[in-house]
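# Analysis of the macromolecular model
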Amino acid sequence: MAPFKLFLLSFLFVVSLSGTYKAIADNPPTLRPPPQRIPPRRTPPGSMPTPPSPPQHVTPSPPYSVTPTPSPPQDVMPSPDHPVTPSPPEDVTPSPPHLVIPSPPQDVAPSPPHYVTTSPPHGEVTPLPPQYVTPPPKDVMPAPPNHTTPSPPQDITPSLPSPSKDITRSPPHHSTPSPPKDATSSPPQSITPSPPQFSIFHPNPFPQSSNNNFFLFNLITCFDHLRSFFSGQLTVVMALQIAKRLLRSRATNEIFTATRSPSVGLFTTFDRNYSSTSSNLITATLFPGDGIGPEIAESVKQVFNAAEVPIEWEEHFVGTEVDPRTQSFLTWESLESVRRNKVGLKGPMATPIGKGHRSLNLTLRKELNLYANVRPCYSLPGYKTRYDDVNLVTIRENTEGEYSGLEHQVVRGVVESLKIITRQASLRVAEYAFYYAKTHGRDRVSAVHKANIMQKTDGLFLKCCREVAEKYPEIKYEEVVIDNCCMMLVKNPTLFDVLVMPNLYGDIISDLCAGLIGGLGLTPSLNIGEGGIALAEAVHGSAPDIAGKNLANPTALLLSAVSMLHHLDLNEQADKIQDAILKTIAEGKYRTGDLGGTSTTTEFTKAIIDHL
Amino acid sequence: MAKRTIPILKQFLHRQHPPVSTPSRSVTYMPRPGDGAPRTVTLIPGDGIGPLVTGAVEQVMEAMHAPIYFEKFEVHGDMKAIPPEVVESIRRNKVCLKGGLNTPMGGGVSSLNVQLRKELDLYASLVNCFNLPGLPTRHENVDIVVIRENTEGEYAGLEHEVVPGVVESLKVITKFCSERIAKYAFEYAYLNNRKTVTAVHKANIMKLADGLFLESCREIASKYPSIKYNEIIVDNCCMQLVSKPEQFDVMVTPNLYGNLVANTAAGIAGGTGVMPGGNVGADHAVFEQGASAGNVGKKKFVERKTANPVALLLSSAMMLRHLQFPSFADRLENSVKRVILEGKYRTKDLGGNSTTQEVVDAVIANLE
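Residues numbered from 1 in each chain as written. Chains lettered and ligands numbered in written order. Predicted model: local features only at pLDDT ≥ 70, side-chain atom pairs only at ≥ 80, totals over all residues. Heavy atoms only, no water.

Looking at an unreviewed UniProt entry, one finds chain B named Isopropylmalate dehydrogenase-like domain-containing protein, with Tagetes erecta as its source organism. On record in UniProt, under Function (unreviewed entry), the comment for chain B is "Performs an essential role in the oxidative function of the citric acid cycle." Within the UniProt record for chain B, the comment given under Sequence similarities (unreviewed entry) is "Belongs to the isocitrate and isopropylmalate dehydrogenases family." (UniProt positions renumbered as here; feature names shortened; annotations may be inferred.)

Chain A appears in an unreviewed UniProt entry as Isopropylmalate dehydrogenase-like domain-containing protein from Tagetes erecta. We quote the UniProt Sequence similarities (unreviewed entry) comment for chain A here in full: "Belongs to the isocitrate and isopropylmalate dehydrogenases family."

## Quick word on the overall build of chain A
Within chain A, the regular secondary structure consists of 16 helices and 12 strands. Counting every position in chain A, which comprises 612 residues, the buried fraction comes to 58%. Here the contacts in chain A between residues at least 6 apart in sequence split such that 74% fall between residues at least 24 apart. Element-wise, carbon and sulfur atoms account for 59% of the exposed surface of chain A, whose accessible area totals about 23,600 Å². (Helix = DSSP H or I, 4+ residues; strand = E, 2+ residues; numbered from the N terminus. Buried < 20%, exposed > 50% of the residue type's maximum accessible area, 1.4 Å probe, protein only. Contact = heavy atoms within 4.5 Å. Areas by Shrake-Rupley, 256 points an atom, 1.4 Å probe, with all protein chains shown as cover.)

## Some remarks on the interface of chain A and chain B
Of the residues lining the interface, 59 residues belong to chain A; the matching set on chain B comes to 60 residues. Of the roughly 5,000 Å² buried between chain A and chain B, counting both surfaces, carbon and sulfur atoms make up 65%. Between the two partners, chain A and chain B, sit one salt bridge. The salt bridge involving K202 of chain B is made with D507 of chain A; its shortest N-O contact spans 2.6 Å. Where chain A packs against chain B, one counts 20 residue pairs in polar contact (both at pLDDT 80 or more). Those elements giving two or more residues to the side of chain A that touches chain B turn out to be β6 (407-411), β7 (414-422), α11 (455-471), α12 (482-491) and α13 (503-517) of chain A. Residues belonging to the side of chain A that touches chain B are distributed by class as follows: 30 nonpolar, 16 polar and 13 charged. Relative to strand β7 (residues 166-174) of chain B, β7 of chain A is paired through nine bridges, and the arrangement is antiparallel. What sits directly across from T422 of chain A, in β7 of chain B, is V166 of chain B. (Buried area = accessible area lost by both parts, 1.4 Å probe. Salt bridge = Lys/Arg side-chain N within 4 Å of Asp/Glu carboxyl O. Polar contact = N/O pair within 3.5 Å; in protein donor to acceptor, adjacent residues only side chain to side chain. Nonpolar A, V, L, I, M, F, W, Y, C, P; charged D, E, K, R; others polar. Pairing = 2+ DSSP bridges.)

## Here's the deal with the packing of helix α10 (residues 423-439) of chain A against α11 of chain A
Residue and element names in this part refer to chain A. Two elements in contact, α10 and α11, have axes whose closest approach is 8 Å; the angle formed by their N-to-C orientations is 40 degrees. Classified by the angle their axes make, α10 and α11 are oblique. Crossing angle aside, the handedness with which α10 passes α11 is right-handed. Contacts between α10 and α11 pair R423, S426, L427, V429, A430, E431 and F434 from the former with L460, F461, C464, C465, E467, V468, A469 and K471 from the latter. Residue composition of the contact of α10 with α11, by class: 10 nonpolar, one polar and four charged. (Axes fitted to C-alpha atoms, helices over the stretch in contact; angles between N-to-C directions. Parallel < 35°, antiparallel > 145°, perpendicular 65-115°, else oblique. Left-handed = near helix turned anticlockwise from the far one by under 90°.)

## Re the pairing of strand β11 (residues 276-280) of chain B
Residues and elements named next belong to chain B. Among the five residues of β11, five are classified as buried, and the element is accordingly described as predominantly covered. Covered by surrounding structure in β11 are P276, G278 and V280 together with G277 and N279, the residues of both alternating faces. Bridge count between strand β4 (residues 124-130) and β11: four bridges; the pairing is antiparallel. In the strand pairing of β11, S125 is matched with N279. In sequence, β11 turns back onto strand β12 (residues 285-289) through a hairpin of four residues.

## Here's the deal with the side chain of R148 of chain B
Following the sequence through the fold, R148 of chain B ends up in strand β5 (residues 143-149). Of the buried charged residues, R148 of chain B lacks a salt bridge, with D483 of chain A as the closest side chain of opposite charge at 6.3 Å. (Lys, Arg positive; Asp, Glu negative; His and termini not counted.)

## Section: the nonpolar core
Judged by nonpolar contacts, the single largest core of 127 residues is most densely connected at L489 and I509 of chain A together with M61, I147, L320 and L332 of chain B. Among residues more than four places away in sequence, those in contact with L489 of chain A are Y387, L392, F496, I509, L512, C513 and L516 of chain A. Among the nonpolar cores identified, the runner-up in size contains 74 residues, and V309, I311, A430 and F604 of chain A belong to it. (Core = buried A, V, L, I, M, F, W, Y, C linked by side-chain atoms within 4.5 Å.)

## Describing the sheet that holds strand β10 (residues 250-253) of chain B
All names here are of chain B. Spatial ordering of the open sheet is given by β2-β1-β3-β12-β11-β4-β5-β10-β8-β9, a layout of 10 strands whose pairing is mixed. Only two strands of the sheet have a single neighbouring strand rather than two, namely β2 (68-72) and β9 (228-233). For this sheet, the mean inter-axis angle between neighbouring strands, taken without regard to orientation, is 25 degrees. Here strand β3 (residues 95-98) pairs with β12 via three bridges, running parallel. In the strand pairing of β12, C96 is matched with V286.

## Some thoughts on unusual backbone geometry
Residue and element names in this part refer to chain A. Look at N369: it is not a glycine, yet its phi comes out positive at around 55 degrees. Tracing the backbone through its elements, the reader meets N369 in the loop between α9 (360-367) and β4 (370-378). Classification of N369 by relative accessible area gives buried; the value is 2%.

## Some points on the sheet that holds β6 of chain A
Strand order across the open sheet formed by four strands is β6(A)-β7(A)-β7(B)-β6(B), with antiparallel pairing between neighbours. Of all strands in the sheet, those with a lone pairing partner are β6 of chain A together with β6 (153-163) of chain B, marking the two edges. Mean inter-strand twist for the sheet, computed between neighbouring axes without regard to direction, equals 30 degrees.

## A closer look at the environment of E342 of chain B
Residues and elements named next belong to chain B. With respect to the element layout, E342 can be found in helix α11 (residues 326-342). With a relative accessible area of 25%, E342 lands in the partly exposed category. The spatial distance from the C-alpha of E342 to the C-alpha of K300 is 25 Å, given a sequence separation of 42 residues.

Following this line, the structure appears as structure tokens:
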């Protein structure tokens, strides 16, 4: 009996082997990422310091078990049992926020990035907003590869280019897997070829060398195919998922109808001509703000009316109590309105002192994901400062760097503060800088850094800038050390044109440049956010002492509104208004108190309107 | 010295004496017996314009017959570390004069300047930015001393790549270092009759780190009630420097902000070519050009030998005072100031077109 049993067992074993063999023969492992219903690499890039021996990390389980064993970074990974419901972004926050562990999004196709509701529970600390991980719905996806979108990471970054980018374009490199357009058992989809968590975890799990990849990928895909052979029952559930996605994306289609002109990729302004309104009006959100805010906002409205700018204002005010959805005094509706209109103008806001809420500026920045702060600084003819020939633009990265807010006390008397530079954020702001330079006719971009001391952090920033610079050969690119830059700025500001900088240097340099032209009361400022959002703001304070007395100087808000118009491609009207403002100040007859005159706000506004 | 005699003689003949406020013999420094013994000073010419300007200092010292001997060492920015004999020499002599050391960009070599400061624990860096009479700038009445913490802060050099594409850099602030720099700043203000000390920070954003720095400053400020103390945020500070620099007196800052503020202040007061400065610790002092704008001068200054020696000459005057040769220091400073006031011999960055050597000859000729 025993030998017979032995024989039976071995026979069965051989049969099962051949079964697996067949599986492999039928689906020869190609250089394809594993099918989507199988949770991707259990170890997200964040937990792999350097992939020492990738196969262990990558193959979650021996091929025979259907439920692969989950491995460490628990919060981030979807549990293998329910297919493809990745943990919602909320679950990501327990992991240290500064570790860029992307979270697979809640639904794969769905709400546009800006509607992601979760904001980090704790005050100033922010993980990268989940929308880096959410693909925008298909309509909003950036135009197929063109030079304004950053190329997928050339080297080893599994960091987060917006997944859609990886999905929509074919791999530029053999080391990144081809996007799962033909994900194994999914019905052909026109919507999203695959859930994004792939491209997050896939870009290049094996950073060592591309040579390795083929072999290892073959291994993995082989195992994955084996798994798929055994987990056919998941296909049904996956089909349901896809159907859900279909429906949801149809629903969200309306929101994004034709709000993107196909011309220039991500940052384009949108042509509202094909929207439904017949009057061709652009709706813009207006936050008058506190203190002198309402007066100067009024002034802007009057000037715009007189100049016949096709903008309709939607006013929002800061609430009097904390809105729990945003944890600040700004209501959810206000933020929604900015996200909807894509354009906004903000007056000075005074942050009420107290705890339990985020500062208003921080709220705006995080919720709208405003990543670049643009300040055009040019000397106002007629307002004499010590520097008469300033004409430069500072573009400052606004989300990370030294202002990540990640500090802790190591022991009593020793404090550490983290400065974070990521490839993605640097690429983003560099892209915007070059795009801005191109569209505004600037011929030089200078990256400001301190890479001789902070070699890795500013070195990464510089590397990203260089990469983007290569795509714009007509724009001159140079790198300047920050202390040299400071010195040259105060000696000879004409040496610079467009400056692009990480957060801290940007803060200091942009305020320095504001000082060169006469202070914050005259400086325009524009914040650019993901998805083409532009929020122009006046950076000066709310001046409660002169509030309501009709003495405020509306120049900063007016010039910010002008830069907003430039962003909207209404260049003609923008130039008209700008000329009127400059002429009024140059004449010198009507000047408000801070410029050394005695006019009131209304007189100044009237003078500008007359000059139009 | 012999081959310079003729040009120097020429300058003697053409010299005029514009009215300069030099006190004539109304100050007497009383030395102790034996103070005139020559002191050895380590000299590191460095890279770029370094050798040129340190050569200038050597010439002037020789002309003055100052009781200084220089021990020269060749150090270049691309070396991995400062050679130990140089460090040994500085420890022995306690005083060093240095040209700039070039830091290769992103090359994985940490800056030798920073290394030297850390090794010798030169925790205070001092730059004196002031308007030189006769040198027109956009701003008047500037007289700022920037005292900058030199060892920690953002320049701790602790960086690492968390995952590919994400890099972290640690900024470390300790109470110990903040306290001692604040103490130094207030002591400096007290000893030099300065009225105000301003702390520069960004504590609205970096609440813990710069908050700790501010706390230390406030504590020390309470011990010097006669000196006014105030605080200013760094971006506002830069804006004010550019519009109203006369409001600042002594500024105490952590490492990175100090770098920026010093270079900005140097820029508004005449450029980095004329600002003296140095690094000082408990036991050692290294004098160098005050604010070097992160480089060692443009190549063409080196090639055409038009580097500006004024900064290092004024720093060496500070060094002479540090070594307790105040009379020599006064003479040197007066001579340099007179040359600038005259305006005939100025290098390119001040708007003239003399070479380094011509300026040096002028200084030597103007020595009393």
